[in-house]
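These are the residues of each chain, in order.
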Amino acid sequence: MYGVIYLIQFPDEQDPEIQSLELYPTYEEAEQRSREIVSEFINEYGEDQIEYATVDDPVTVMYNGEVTGYAFIEKVSNLADAEV
């Protein structure tokens, strides 16, 4: 099982805000959700720079020149592996 944690850092705030924490049974589904989060970020804040998550670097970084968003993918349980 994989978790997707979505945070946003606004320029005039010291700490990032948690937007969501979601669980998915496979890495592929979690990665797909991180790409959906990118689309939502671009629609809301615009786009300057996007770095997508990979298996080796599971952090998506979104930046529009002021606001920074992060979508972390983390394995949280072997439950899905055991059920297959």
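Residues numbered from 1 in each chain as written. Predicted model: local features only at pLDDT ≥ 70, side-chain atom pairs only at ≥ 80, totals over all residues. Heavy atoms only, no water.

1. Description of the sheet that holds strand S1 (residues 2-9)
Strands sit in the order S2-S1-S5-S4-S3 across an open sheet of 5 strands; the sheet is antiparallel. The outermost strands of the open sheet, each flanked by one partner alone, are strand S2 (17-24) and strand S3 (49-51). Adjacent strand axes in the sheet meet at a mean angle of 10 degrees when their direction is disregarded. (Pairing = 2+ DSSP bridges. Helix = DSSP H or I, 4+ residues; strand = E, 2+ residues; numbered from the N terminus. Axes fitted to C-alpha atoms, helices over the stretch in contact; angles between N-to-C directions.)

2. Description of helix H1 (residues 27-45)
Two residues of an α-helix separated by three or four positions point the same way, owing to the 3.6 residues in each turn. Taking 1.5 Å of rise per residue, the 19 residues of H1 would be expected to cover 27 Å, and the 26 Å separating its terminal C-alpha atoms lies within 8% of that figure. Taken residue by residue, H1 has Tyr-27, Ala-30, Arg-33, Ser-34, Ile-37, Val-38 and Phe-41 as its buried positions. Along H1, the residues classed as buried sweep out an arc of 155 degrees about the axis, all on the same side. Exposed positions of H1 whose direction lies more than 90 degrees from the buried face are Glu-28 and Asn-43. (Expected span 1.5 Å × (residues − 1). Buried < 20%, exposed > 50% of the residue type's maximum accessible area, 1.4 Å probe, protein only. Arc of directions from axis to C-beta.)

3. Digging into the nonpolar core
Within the largest apolar cluster, 17 residues are counted, with the highest numbers of intra-cluster contacts made by Val-4, Tyr-6, Ala-30, Ile-37, Met-62 and Ile-73. Of all elements in the fold, only S1, H1 and strand S5 (68-75) reach the threshold of two or more residues within this core. Looking at this core element by element, the count peaks at 5 residues for H1. With sequence-adjacent residues up to four places away left out, Met-62 is seen in contact with Tyr-6, Ile-37, Val-38, Phe-41, Gln-49, Ile-50, Val-67, Thr-68, Gly-69, Tyr-70 and Ala-71. (Core = buried A, V, L, I, M, F, W, Y, C linked by side-chain atoms within 4.5 Å. Contact = heavy atoms within 4.5 Å.)

4. Focus on a negative patch on the surface
Together, Asp-12, Glu-13, Asp-15 and Glu-17 make up a region of like negative charge exposed at the surface. Looking at the element boundaries, Glu-17 is found in strand S2. Here Glu-17 falls in the partly exposed class, since its relative accessible area comes to 32%. (Patch = residues over 30% accessible without salt bridge, like charges linked within 9 Å, V, L, I, M, F, W, Y side chains within 5 Å. Areas by Shrake-Rupley, 256 points an atom, 1.4 Å probe, with all protein chains shown as cover. Salt bridge = Lys/Arg side-chain N within 4 Å of Asp/Glu carboxyl O. Lys, Arg positive; Asp, Glu negative; His and termini not counted. Charge placed at Lys NZ, Arg CZ, Asp CG, Glu CD.)

None of this, on its own, says anything about what the molecule does.
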